[in-house]
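Below are the chains, spelled out letter by letter.
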Amino acid sequence: MEQAFWVQSPGSGQLREERLPTPGPDDVLVRTLCSGVSRGTETLVFRGGVPASQHDVMRAPFQEGEFPGPVKYGYLNVGVVEQGPAHLQGKTVFCLYPHQTAYVVPASAVTPVPEAVPPGRAILAGTVETAVNAVWDARPRLGDRIAVIGAGMVGASVAKLLTGFPATRVQLVDVDPAKADIAAALGVGFSAPEEALGDCDLVVHASASEAGLAKALELLAPEGEVVELSWYGDRRISVPLGENFHSRRLTIRSSQVGTVARPDRSYAQRLGVALDLLADPAFEALVSGECMFEELPSVLPRLATNELSALCLRVMYQPQ
């Protein structure tokens with residue numbers, strides 16, 4: 001019998017026993033090595049903050065149960081194929097599966113992890129995939145002046161990817177001065193909001209705060225664009241569309257990982273790009289906390305209330 005983590009009700013989680021189905025000829029049985037808690041989305045789910053209108057949109061690929069709970073939720077899982085097609089047996093794979101000791105899914109649902117990427121870093125594939133999509137949406141140009149507001153997992157990943165473009169400057173902006181160390185590890189310039197460089201052609205907003213969105217608009221040059229990555233859940237926010245928003249011809253556009261931002265790429269190709277990028281050890285800076293699977297029911301409440309400040313929480317599983 002396997003075990004899985006469930007959000008039993010808002011603010012409360014528990015481990016439940018799970019009986020696995022018998023794998024079919026086109027299925028794989030995966031034994032989990034580690035999983036990741038996507039802090040922004042998963043703490044929103046944990047506290048019951050998913051609006052009723054977004055219940056279908058927010059479903060994870062292998063979610064069980066319904067919001068606000070009981071629900072089994074998560075999508076950053078790395079494990080080893082114990083049973084399945086010959087070309088996958090023994091392979092380390094990434095899957096958009098919740099926190100569970102082992103699971104059975106179609107073979108098409110797993111992606112082999114490149115040998116250059118350690119399993120503990122591969123849990124970031126879902127986050128870096130979101131960042132890849134955001135960069136495709138943002139369409140940076142040669143010489144752009146760029147700011148990324150919000151140094152969480154996604155914002156920091158976007159800033160890291162944008163430094164690879166021949167841009168005049170890329171700056172990661174956050175209210176927490178401690179995030180400067182993460183920016184440095186990623187090779188990205190850092191600034192507090194009040195000191196951020198303006199006249200930006202492009203601002204990627206990922207702070208999930210009203211103040212952050214206002215700052216994003218403030219930093220734009222005329223004809224500039226904000227790419228909005230934040231997920232606000234059940235919160236209503238105000239957008240400052242008065243003053244010089246129209247006279248400067250500013251743009252706000254959304255980016256969301258549910259749709260591939262390039263029509264010439266598939267979901268599988270986008271995930272493959274993300275996994276290849278994770279060969280860069282600098283991404284390890286995004287994993288700033290770790291716990292054992294058995295500790296999740298006590299750790300998630302602390303993460304949701306900011307008692308723990310881990311950017312990405314890596315969850316380790318006992319070997320079988």
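These lines cover the structure that appears in this document, whether it is placed above or below. (Residues numbered from 1 in each chain as written. Predicted model: local features only at pLDDT ≥ 70, side-chain atom pairs only at ≥ 80, totals over all residues. Heavy atoms only, no water.)

We now examine unusual backbone geometry. In this chain, Phe67 is followed by Pro68 through a cis amide linkage whose omega measures 0 degrees. Relative to the helices and strands, Pro68 is located in the loop between β4 (64-65) and β5 (71-72). The linkage connecting Gly69 with the following residue, Pro70, adopts the cis geometry, with an omega of 0 degrees. Tracing the backbone shows Pro70 in the loop between β4 and β5. We note that Ala208 has phi near 55 degrees; this positive angle belongs to a residue other than glycine. The phi dihedral of Glu223 falls on the positive side, at around 70 degrees, and the residue is not glycine. Relative to the helices and strands, Glu223 resides in strand β14 (residues 220-228). (Helix = DSSP H or I, 4+ residues; strand = E, 2+ residues; numbered from the N terminus.)

Moving on: the sheet that holds β14. Taken together, the 6 strands give an open sheet; going across it, the order is β12-β11-β10-β13-β14-β15, and neighbouring strands pair in parallel fashion. The open sheet has two edge strands with one neighbour each: β12 (189-191) and β15 (251-254). Shown here is a sheet whose adjacent strand axes are inclined to one another by a mean of 25 degrees, direction ignored. Direction of pairing for β14 relative to β15: parallel, over a ladder of 4 bridges. By the bridge assignment for β15, Glu228 is matched with Ser254. Here helix α6 (residues 210-219) sits on the sheet in contact with β10 (145-149), β13 (200-205), β14 and β15, set at roughly 150 degrees to β14. (Pairing = 2+ DSSP bridges. Axes fitted to C-alpha atoms, helices over the stretch in contact; angles between N-to-C directions. Contact = heavy atoms within 4.5 Å.)

The geometry of helix α3 (residues 125-138) relative to helix α4 (residues 153-162) is characterised by a closest axis approach of 8 Å and an angle of 55 degrees between their N-to-C directions. In terms of axis orientation, α3 runs oblique to α4. The interaxial crossing formed by α3 with α4 has right-handed handedness. Across the interface between the two elements, Thr127, Val128, Thr130, Ala131, Val132, Ala134 and Val135 of α3 pack against Met153, Val154, Ser157, Val158, Leu161 and Leu162 of α4. (Parallel < 35°, antiparallel > 145°, perpendicular 65-115°, else oblique. Left-handed = near helix turned anticlockwise from the far one by under 90°.)

This part covers a nonpolar patch on the surface. Nonpolar side chains collect at one region of the surface, where Val239, Leu241 and Ile252 lie side by side and expose about 210 Å² of accessible area between them. Looking at the secondary structure, you find Leu241 in the loop between β14 and β15. Given the relative accessible area of 42%, Leu241 is considered partly exposed. (Patch = residues over 30% accessible without salt bridge, like charges linked within 9 Å, V, L, I, M, F, W, Y side chains within 5 Å. Areas by Shrake-Rupley, 256 points an atom, 1.4 Å probe, with all protein chains shown as cover. Salt bridge = Lys/Arg side-chain N within 4 Å of Asp/Glu carboxyl O. Buried < 20%, exposed > 50% of the residue type's maximum accessible area, 1.4 Å probe, protein only.)

It is worth stressing that arrangement in space is one thing and function is another; only the former is reported here.
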